[in-house]
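# Structural features, examined
So the chains spell out like this:
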Amino acid sequence: MIKRLNELELKGKRVFVRVDFNVPIHQGKISESHRIESVLPTLRFVIGRAETTLIASHLGRPGGKRDPASSLAPVRDFLEQALASPVALAPDCVGSEVDALVRDPQRKIILLENLRFHKEEEKNDPGFARALAALADVYVNDAFGAAHRAHASTAGMAAYFQAKGAGLLMQKEMDYLGKILAGPDRPFVAVLGGAKVSDKIGVIRNLLPKLDSLLIGGGMAYTFLKAQGISIGRSLVEEGRIELARELLDQAKAAGVALLLPTDHIAAGKDRKNPTETGVAIPEGLAGLDIGPKTRSLFHQEIRKAKLALWNGPVGLFEDARFSGGTLDVAHALADSGAVVVVAGGDTVAAVMQAGLQDRFTHLSTGGGATLEFLEGRTLPGVAALEVNA
Ligand code: AMP
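Values in this document were obtained by computation on a predicted structure and should not be read as measured data.

Inspection of every chain in the model, using the stated rule, returns 19 salt bridges. A salt bridge links Glu 239 to Lys 226; the shortest N-O distance between them is 2.8 Å. Of the two residues, Glu 239 sits in the loop between α8 (221–227) and α9 (242–255) while Lys 226 sits in helix α8, which places them 13 residues apart along the sequence. Under the relative-accessibility criterion, Lys 226 is labelled partly exposed at 31%. Between Glu 376 and Arg 378 there is a salt bridge, with its nearest N and O atoms 3.0 Å apart.

Each strand in a sheet pairs with its neighbour through backbone hydrogen bonds, running either in the same direction (parallel) or in the opposite one (antiparallel). The strand order across the open sheet formed by 3 strands is β13-β12-β14, and the pairing between neighbours is antiparallel. On the outer flanks of this sheet lie β13 (276–278) and β14 (287–291), each paired with one strand and no other. Mean inter-strand twist for the sheet, computed between neighbouring axes without regard to direction, equals 45°. With respect to the sheet, helix α10 (residues 293–305) is in contact with β12 (265–268), β13 and β14, its orientation differing from that of β14 by roughly 40°.

Strand order across the open sheet formed by 6 strands is β11-β10-β9-β15-β16-β17, with parallel pairing between neighbours. On the outer flanks of this sheet lie β11 (258–260) and β17 (363–364), each paired with one strand and no other. Alignment of strand β9 (residues 188–192) against strand β10 (residues 213–216), held across 4 bridges, turns out to be parallel. Opposite Ala 190, over in β10, you have Leu 214 as the bridge partner.

In the vicinity of the ligand, 17 residues are found, and the nearest of them are Ala 195, Gly 219, Gly 288, Gly 316 and Glu 319. One of the backbone nitrogen or oxygen atoms of Gly 219 is found 3.0 Å away from a nitrogen atom of the ligand. The separation between an oxygen atom of the ligand and a polar side-chain atom of Asp 347 is 3.5 Å. In isolation the ligand offers 510 Å² of accessible surface; the protein chains occlude 80% of this area. Placement of the ligand is best described as lying within the largest pocket. For the shell around the ligand, the per-class residue count stands at 7 nonpolar, 5 polar and 5 charged.

This part takes up the domain arrangement of the chain. Reports of interface size often rely on the accessible area that becomes lost once the parts have come together. On domain assignment, one finds that the chain holds domain 1 (5–170) and domain 2 (183–375). Put simply, the middle of domain 1 and the middle of domain 2, counted by C-alpha atoms, are 36 Å apart. The partner domain 2 presents 9 residues to the 8 residues of domain 1 that form the contact. Carbon and sulfur atoms make up 68% of the area that domain 1 and domain 2 hide from each other, which totals about 710 Å². Per-residue buried area on domain 1 facing domain 2 is highest for His 34, Phe 144 and His 148; these three make up 69% of the total on that side. Counting the contacts that link domain 1 with domain 2 gives 0 salt bridges. Between domain 1 and domain 2 we count 0 residue pairs in polar contact (both at pLDDT 80 or more) in total.

By volume, the largest pocket is sized at about 960 Å³. Taken together, 50 residues form the lining of the largest pocket, with Pro 314, Glu 319, Gly 346, Asp 347 and Thr 348 sitting closest to its centre. Put simply, the parts of the chain that give the lining of the largest pocket at least two residues each are α1 (34–47), β12, β14, α12 (346–354) and α13 (369–375). At 6 residues, α12 tops the list of elements feeding residues into the lining of the largest pocket. Split by residue class, the lining of the largest pocket holds 18 nonpolar, 21 polar and 11 charged. Domain assignment of the residues forming the lining of the largest pocket places at least three in each of domain 1 (5–170) and domain 2 (183–375).

Parameters and conventions
- Residues numbered from 1 in each chain as written.
- Predicted model: local features only at pLDDT ≥ 70, side-chain atom pairs only at ≥ 80, totals over all residues.
- Heavy atoms only, no water.
- Salt bridge = Lys/Arg side-chain N within 4 Å of Asp/Glu carboxyl O.
- Helix = DSSP H or I, 4+ residues; strand = E, 2+ residues; numbered from the N terminus.
- Buried < 20%, exposed > 50% of the residue type's maximum accessible area, 1.4 Å probe, protein only.
- Pairing = 2+ DSSP bridges.
- Axes fitted to C-alpha atoms, helices over the stretch in contact; angles between N-to-C directions.
- Contact = heavy atoms within 4.5 Å.
- Near = heavy atom within 4 Å.
- Polar contact = N/O pair within 3.5 Å; in protein donor to acceptor, adjacent residues only side chain to side chain.
- Areas by Shrake-Rupley, 256 points an atom, 1.4 Å probe, with all protein chains shown as cover.
- 1 Å grid on protein atoms, 1.4 Å probe; cavity = no way out; pocket = protein on both sides within 12 Å on 5 of 7 lines; lining within 4 Å.
- Sits in = over half its atoms within 2 Å of the grid points.
- Nonpolar A, V, L, I, M, F, W, Y, C, P; charged D, E, K, R; others polar.
- Domains from an automatic or database assignment.
- Buried area = accessible area lost by both parts, 1.4 Å probe.
- Points joined across faces, edges and corners; volume = space filled by probe spheres on them.

This is the structure we're talking about:
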């Protein structure tokens, strides 16, 4: 079993909270703080009860070396404001100075410096894991976005704790993504998009037996259309996956899943100027960059019926306003559906934010790779490491 935060005894304890503060920073300023904001409830919960709260994260790819550009200093400033409390930034995440700091009764909240300043972190080095574990009495993991990695701070160090559990965000992710995997509410509709089929094969295979409808748009749709012998012009395609797309189409049919592909497109030439509507076949020289109006209403009809829905991947090149219509349309249709809707993937969450609909979805998953691996039915090392005997 995995303990919830409110099942852990935190009073008088030093609590290590692993979070995912891997946020974009430009000129010392955090440009997108969603990841930090999503763990604030966990931090407030722990800070309100623990003797000392140690917060640990990775940031960027410093490659196992100290790199001032990847320092968590801007995150410390952000946290002090958000928590309205002093937050000490430790000079490192292990070592004698850190040991002294975490034992200083004056320090209540300490942000450890970037875990990836040590190459041992990503190697899940046992000595490094033990050194991290020695800092605290209780281990809380709220870094769902890093849970698919078996690193020292996400997996290795957990072995040294009896008192350990999931943070509120990790718990929410497991609860909602677990609901998607169980697929209890019917009709269950999935909308998949994004650039590549290859990233989504595991998810399609795992969910197919549970789904009622699978709506496929975006770049990945063209491999499926080509598999059906439809001309796709110069649209994105994974030639090596055409056979697999054919197999998935057959599997969907055998499982009685309505698999819907685009029946029309917004397409453009290489310069992307003059977008034009096309039928299902795309003329030579043009690439399909968004789903067309007929497809949008087809998708609407399916989405309207849903009781449970998963959305992963934009259905067009949504970063370009000329090709964002289909993706925004899907966002609105899902928001209006009344279904339990889980949105997964950085681009998809960005599209929901762009549409200003973030408050109208049941759950916006914070994980990229972690969410996809969870939906593939795989056990995430960061989740498995939290298991304790009941
Ligand atoms: P992914 O990371 O696989 O979810 O893919 C997301 C990316 O796919 C976004 O940058 C989209 O702009 C892009 N994308 C979606 N549909 C298309 C399309 N029809 N052609 C080219 N790129 C697309």
